[in-house]
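Below are the chains, spelled out letter by letter.
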Amino acid sequence: MSLFNNTPAPATRTLRVLAHLLSYPDAELRAHLPELQAALHDEGALSASRLAELDALIERLHRRRPLDVEADHVELFDRGRGTALHLFEHVHGDSRDRGPAMVDLCRTYEAAGLFLAPGELPDHLTVVLQYASTQPPAQARAFLGEIAHILQVIFSALLRREAAHACVLAALLDLAGERAQAVPIPPEPALDESWEEPLAFGGCSTDGQSRPGQPQPVRIVKNATGARA
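My aim in this report is to walk through the structure given alongside it, one point at a time. As the structure is a computational prediction, the values presented were derived from the model and not from experiment.

A count of helices and strands for the protein chain gives 12 helices and zero strands. When the helices and strands of the protein chain are placed in sequence order, the string is α-α-α-α-α-α-α-α-α-α-α-α. Counting across all 229 residues of the protein chain, residues that qualify as buried make up 40%. In the protein chain, the share of contacts with a sequence separation of at least 24, taken over all contacts with a separation of at least 6, comes to 67%. Here the protein chain has roughly 12,400 Å² of accessible surface; of this, 54% comes from carbon and sulfur atoms.

Attention now moves to the pattern of salt bridges. As a working rule, side chains carrying opposite charge can pair if their charged atoms are close by. Counting across every chain of the model gives nine salt bridges. Of the charged contacts in the structure, one is a salt bridge between Asp72 and Arg64, with a shortest N-O distance of 2.2 Å. For Asp72, a relative accessible area of 33% translates into the label partly exposed. Ionic pairing is found between Glu75 and Arg79, a salt bridge with its closest N-O pair at 3.2 Å. When its relative accessible area of 39% is taken as the criterion, Glu75 is described as partly exposed. Beyond isolated ion pairs, a larger network of salt bridges with shared partners links Arg50, Glu53 and Asp174.

Here we come to the packing of aromatic side chains. According to the stated counting rule, one finds two aromatic pairs in the structure shown. Residues Tyr109 and Tyr131 carry aromatic rings whose centres are separated by 5.1 Å and whose planes lie at 45° to one another, so their mutual orientation is tilted. Of this pair, Tyr109 sits in helix 7 (residues 98-111) while Tyr131 is found in helix 8 (residues 125-132), placing the two residues 22 residues apart along the sequence. Each member of the pair, Tyr109 as well as Tyr131, carries the same accessibility label: buried. Ring centres 5.1 Å apart and planes at 70° place the aromatic pair Tyr131 and Phe143 in the edge-to-face group. Taken together, the positions of Tyr131 in helix 8 and Phe143 in helix 9 (residues 137-146) put the pair 12 residues apart, joining distant regions of the chain. Like Phe143, Tyr131 is buried. Members of the aromatic cluster, joined through ring pairs, are Tyr109, Tyr131 and Phe143.

Criteria and thresholds
- Residues numbered from 1 in each chain as written.
- Predicted model: local features only at pLDDT ≥ 70, side-chain atom pairs only at ≥ 80, totals over all residues.
- Heavy atoms only, no water.
- Helix = DSSP H or I, 4+ residues; strand = E, 2+ residues; numbered from the N terminus.
- Buried < 20%, exposed > 50% of the residue type's maximum accessible area, 1.4 Å probe, protein only.
- Contact = heavy atoms within 4.5 Å.
- Areas by Shrake-Rupley, 256 points an atom, 1.4 Å probe, with all protein chains shown as cover.
- Salt bridge = Lys/Arg side-chain N within 4 Å of Asp/Glu carboxyl O.
- Phe/Tyr/Trp six-rings, centres within 6.5 Å; stacked < 30°, edge-to-face > 60°.

Encoded structure:
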């Protein structure tokens, strides 16, 4: 079945393609790579230079051995906080604010008539992009603008690792009306350190939280009037 079976609004297909390019590159996804590439070019929502970068990524995913492609994806996105695709990892870390933020985001999806499949987390970037692709162009652009600061962080972490997927984040920033540029990011802790269990009664991690006296990060929520804050 085709991944695109309806007539989308501007950038709808592009957002869906970018979501797929950040997904786990299993056999089904790799089989659809030519279709994904054609959709990007047909919609024409990105610049020629950005399309060329995405073409190179698609060619890389198609050309390399499947096991290598899958292992690279796990190493890149599942074994480090800097490149994590869970957006609230970059905002709330392990703090207690993460749970309520997840609930708020689920409510945003449900208000649009969208419901998560079992096991899906609402703040994963692929899920966020699928939601954005269902919104009218102006609202989708504004929504991406709200998370642009997080996209810049992930983009910068991917650049630091010289990862080909950095062009996907750059494309998202283009669609948000932002310039993709490297921003300062702290060095990532060693994997063993980041997964270390906290001491009993040691409290939760403060990674991702503002210092006392500073404004707290804005959550992605939807109010009764449909505006976001």
